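What follows is the residue order along each chain.
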Amino acid sequence: DYYASRGLGDVYKRQAEKLSKEIRRGVDALTALTGQPVTCSAAAGWRADGRVVAARQPFNFRYNSDCRGSAPFLPLLPDGRTGTVQIPVTLPTWDEVVGTRVARQDYNAFILDEITRQQGVPVYTIHAEAEGIVLAEMFDALLTDARRRGIRFCPLSELLPQDLSQLPTGKIV
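Residues numbered from 1 in each chain as written. Predicted model: local features only at pLDDT ≥ 70, side-chain atom pairs only at ≥ 80, totals over all residues. Heavy atoms only, no water.

All right, on to the packing of aromatic side chains then. Counted according to the given criterion, the structure contains four aromatic pairs. Measuring from ring centre to ring centre gives 5.0 Å for W94 and Y107, while their planes differ by 80°; the resulting arrangement is edge-to-face. Taken together, the residues span a long stretch of sequence, with W94 in helix α4 (residues 94-97) and Y107 in helix α5 (residues 107-117) at a distance of 13 residues. Per residue, the accessibility class of W94 equals that of Y107, and both read buried. Positioned above the aromatic ring of W46 is the side chain of R68, whose terminal nitrogen or guanidinium carbon lies 3.9 Å from the ring centre. (Phe/Tyr/Trp six-rings, centres within 6.5 Å; stacked < 30°, edge-to-face > 60°. Helix = DSSP H or I, 4+ residues; strand = E, 2+ residues; numbered from the N terminus. Buried < 20%, exposed > 50% of the residue type's maximum accessible area, 1.4 Å probe, protein only. Lys NZ or Arg CZ within 6 Å of the ring centre and 35° of its normal.)

Below, the structure is given as structure tokens:
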């Protein structure tokens, strides 16, 4: 998200109007850059709470991915209503495990094993500045190895059920 990637550490303290203004700036900038409408959103570093989720409601995103979890759900907004469906990330990211749980050269095998082991549908987050630039060759190898293992990556939108009203509710904290 624009407001998180700009390093605005006080995201939790911002007034709703300011949050909406920052989200609008991000949506407008991304729309101008891509020439496409913005249909979804994800909080950088999962820095979101109920107020951030509520501030996104007027943008009519198809889904958001602002948290960790195990399956899609409808977030409860501060006013008690449910918000736009959340598709939580279920897998660890590169920066969370390399150097602490796994060596750099073993990461691809590690994450592919995690994808294979996880129940349900694993959701994997990549970072443009890491896998898209610095680790691009390694990421290319990951995609090749995934294909060999029969792992298919898809847009998060493919994980949405036909009837969203059947999803459980939950809070983003």
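Now for the nonpolar core. Among the nonpolar cores identified, the biggest contains 17 residues, and Y107, F110, I111, L112, Y124 and L142 are the most heavily contacted of them. Among the elements of the structure, α4, α5 and α7 (136-149) are those that each provide at least two residues to this core. Top contributing element to this core by residue count: α5, with five residues. (Core = buried A, V, L, I, M, F, W, Y, C linked by side-chain atoms within 4.5 Å.)

For the rest of this paragraph, the subject is helix α2 (residues 16-34). The end-to-end C-alpha separation of α2 is 27 Å, in line with the 27 Å expected for 19 residues at 1.5 Å each. Residues of α2 that are buried include every one of L19, E22, I23, G26 and V27, and no others. In a view along the axis of α2, the buried residues occupy a sector of 135°, so they form one face of it. Within α2, the exposed residues directed more than 90 degrees away from the buried face are E17, K21 and A32. (Expected span 1.5 Å × (residues − 1). Arc of directions from axis to C-beta.)

Geometric descriptors of this kind do not, in isolation, establish any biological role.
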